[in-house]
Amino acid sequence: MSAEAKDQQHPLYNRDRPLVDNLMAQEVTDYNLVELARLRIRYQGFPGARDIQKDLEQIMQQWGLSEAELFEKTRALHDAGGMYKSRAKREEQDWN
């Protein structure tokens, strides 16, 4: 059996695929950086969703970022706070 035959469907794939497509078409912004980092963490090591993993890697290359640089920038943004406040009435963290 090939590795692809064992791949799993990520439960949030259908929600995340349009977000990844959107990021691919956009420029670097603080919000886009934190979204990229969040998705990168979500799919890191996941046995499936290879297209999303490949596209997230491509976005990082497009934006000229290493994973270390991405996480360093987004840690600073989160430390400053409020990255998701304007998107929801209460502060919400997405740990799915």
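Residues numbered from 1 in each chain as written. Predicted model: local features only at pLDDT ≥ 70, side-chain atom pairs only at ≥ 80, totals over all residues. Heavy atoms only, no water.

## Overview of the pattern of salt bridges
Pairs may arise between side chains of opposite charge once their charged atoms sit close together.
Point 1. This model, assessed by the stated rule, comprises 9 salt bridges.
Point 2. Here Arg-38 ties to Glu-35 by a salt bridge, and the two come within 2.8 Å at their closest N and O atoms. Here the residue Arg-38 and the residue Glu-35 both occupy positions in helix α2 (residues 30-43), the gap between them amounting to 3 residues, near one helical turn. Taken as a pair, Arg-38 and Glu-35 share a single burial class, namely buried.
Point 3. A network of salt bridges, in which partner residues are shared, links Arg-17, Asp-21, Asp-51, Lys-54 and Asp-55. (Salt bridge = Lys/Arg side-chain N within 4 Å of Asp/Glu carboxyl O. Helix = DSSP H or I, 4+ residues; strand = E, 2+ residues; numbered from the N terminus. Buried < 20%, exposed > 50% of the residue type's maximum accessible area, 1.4 Å probe, protein only.)

## Points about the packing of aromatic side chains
Geometrically, a pair of aromatic rings is defined through the distance of the ring centres and the angle of the planes.
Point 1. Per the stated rule, a full pass over the model turns up 1 aromatic pair.
Point 2. Ring centres of Tyr-43 and Phe-46 lie 6.4 Å apart, and the angle between their planes is 85°; on these two criteria the pair is classed as edge-to-face. By the burial criterion, Tyr-43 is buried, and Phe-46 matches it. (Phe/Tyr/Trp six-rings, centres within 6.5 Å; stacked < 30°, edge-to-face > 60°.)

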